[in-house]
Amino acid sequence: MENTSAPYHFDLANGKSPVDVQGVFKAVLRSNFDAPGFALLDLGTGRSPREIRQFMVNMKAQLSAMLQHASGRPLHYLSMGRFDQQVTTKFHLDGAPEESVLMLGYEPTPIHSRLFMADYAACAHANGISPKDFLRDFNPMFTLGAEKLNGFVTELREFNHQNYNVVLINNSSASFSAGMQGVMHKAEVPSPDLARQRIVNSTMIFVADANQPEPISRVAQEEFVASDLVSPRLA
């Protein structure tokens, strides 16, 4: 399978190309700035909501096996959920351990949206400060922090809101010498439509210690795949 347009873009829309799990691993679970720190997998339209959630669970299992082989540490779930998200956000990290990956599964929707990534860790490195210092001193929720990220922002122009998409984001805040290097993310929803839905399946994953039990049980993981319930709309 090829990355057709960008090092983070994996086009699976035709249903024939195998998933390049190694390519996704290299793109997302980075410890330096040679990789983007995120990946967009376009799954086209020939899926179902349950199939995309099963795809996400399978992807996590494969990435975990690869990381455990490389480092002796697995990936575990911290949270799993499904919600209607129509709120424009600013660049941020989601709350999680300092080595973590956010995996989002977008279902087809008529509601247009735009996705952006900001390589705040590379920005911090270029300014001679640690990722945590950047988060403390240049919070992009405020104008100064947002302006600091200029030149480190990528719009995922390949994102097609009418398709099923899986987006993996390195959500880490580790130091340069201690672990994975994260990126921030934001979404813009120019015209919310409360009569419709923009469904996002969300899983937060973290790098666990070798013998650490997984917080989310196997039964709960199976329920995440099987259940079509949607959490209350995010305000």
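Residues numbered from 1 in each chain as written. Predicted model: local features only at pLDDT ≥ 70, side-chain atom pairs only at ≥ 80, totals over all residues. Heavy atoms only, no water.

> Would you mind showing me how to read helix H2 (residues 49–71) here?
Each full turn of the α-helix corresponds to 3.6 residues, which orients residues three or four apart in the same direction. Between the first and last C-alpha of H2 there are 33 Å, a value that for 23 residues agrees with the 33 Å anticipated at 1.5 Å per step. All buried positions along H2 are accounted for by Ile-52, Arg-53, Phe-55, Met-56, Val-57, Met-59, Lys-60, Leu-63, Ser-64 and Leu-67. At the exit of H2 stands Gly-72, carrying a positive phi of roughly 80°. (Helix = DSSP H or I, 4+ residues; strand = E, 2+ residues; numbered from the N terminus. Expected span 1.5 Å × (residues − 1). Buried < 20%, exposed > 50% of the residue type's maximum accessible area, 1.4 Å probe, protein only.)

> Help me understand the environment of His-76 in this model?
Summarising the element assignment, His-76 is placed in strand S3 (residues 75–84). Its relative accessible area of 8% is what places His-76 among the buried residues. C-alpha of His-76 to C-alpha of Ile-205: the two residues are 129 residues apart in sequence and 5.5 Å apart in space. With near-sequence residues (within four places) excluded, His-76 lies in contact with Lys-60, Met-204, Ile-205, Phe-206, Ala-208, Gln-212, Pro-213, Glu-214 and Pro-215. Within polar-contact distance, the side chain of His-76 engages the backbone oxygen of Gln-212 at 3.4 Å. (Contact = heavy atoms within 4.5 Å. Polar contact = N/O pair within 3.5 Å; in protein donor to acceptor, adjacent residues only side chain to side chain.)

> How should I be thinking about the sheet that holds strand S8 (residues 184–188) in this particular structure?
Strand pairing in a sheet takes place through backbone hydrogen bonds and is either antiparallel or parallel in direction. Ordered in space as S6-S5-S8, the 3 strands form an open sheet in which the pairing is antiparallel. Strands at the two margins of the open sheet, each flanked by one partner only, are strand S6 (153–155) and S8. Across the sheet, the mean angle from the axis of one strand to that of its neighbour is 20°, orientation sign disregarded. Pairing analysis gives 3 bridges linking strand S5 (residues 114–118) to S6, with the strands arranged antiparallel. Looking at S6, one finds that Met-117 is bridged to Thr-154. (Pairing = 2+ DSSP bridges. Axes fitted to C-alpha atoms, helices over the stretch in contact; angles between N-to-C directions.)

> What should I look at first to understand the nonpolar core in this one?
Here is a general trend for soluble globular proteins: nonpolar side chains tend to be buried in one another's company. One finds Val-24, Leu-41, Met-59, Val-166 and Leu-168 to be the most contacted residues of the largest nonpolar core, which totals 31 residues. If you list the elements that add at least two residues to this core, you get helix H1 (21–28), strand S2 (38–44), H2, S3, strand S4 (100–106), strand S7 (164–170), strand S9 (199–207) and helix H6 (218–226). Among the elements that make up this core, the one with the highest residue count is H2 (7 residues). Once you skip the residues sitting within four places of it in the chain, Leu-41 turns out to touch Phe-10, Leu-12, Val-19, Val-24, Phe-55, Met-59, Tyr-164, Asn-165, Val-166 and Leu-168. Ala-6, Tyr-8, Phe-38 and Met-204 belong to the second largest nonpolar core, which has 18 residues in total. (Core = buried A, V, L, I, M, F, W, Y, C linked by side-chain atoms within 4.5 Å.)

> Looking at this model, I keep getting lost on the packing of aromatic side chains. Mind explaining?
Geometry of an aromatic ring pair is reported as the spacing of the ring centres plus the angle between the planes. For the structure on display, the rule yields 5 aromatic pairs. For the pair Phe-33 and Phe-176, a centre-to-centre distance of 6.2 Å together with 80° between the ring planes defines the contact as edge-to-face. A residue pair is termed long-range when its members are at least 10 positions apart, and Phe-33 in the loop between H1 and S2 and Phe-176 in the loop between S7 and S8 qualify at 143 residues. Where Phe-134 meets Phe-138, the ring centres are 5.6 Å apart and the plane angle is 40°; that geometry is what we call tilted. Take Phe-134 and Phe-138: they sit in the same class, and that class is buried. A connected cluster of aromatic rings, assembled from ring pairs, spans Tyr-120, Phe-134 and Phe-138. Lys-60 extends its terminal NZ or CZ atom over the ring of Tyr-77, reaching a point 4.5 Å from the ring centre. (Phe/Tyr/Trp six-rings, centres within 6.5 Å; stacked < 30°, edge-to-face > 60°. Lys NZ or Arg CZ within 6 Å of the ring centre and 35° of its normal.)

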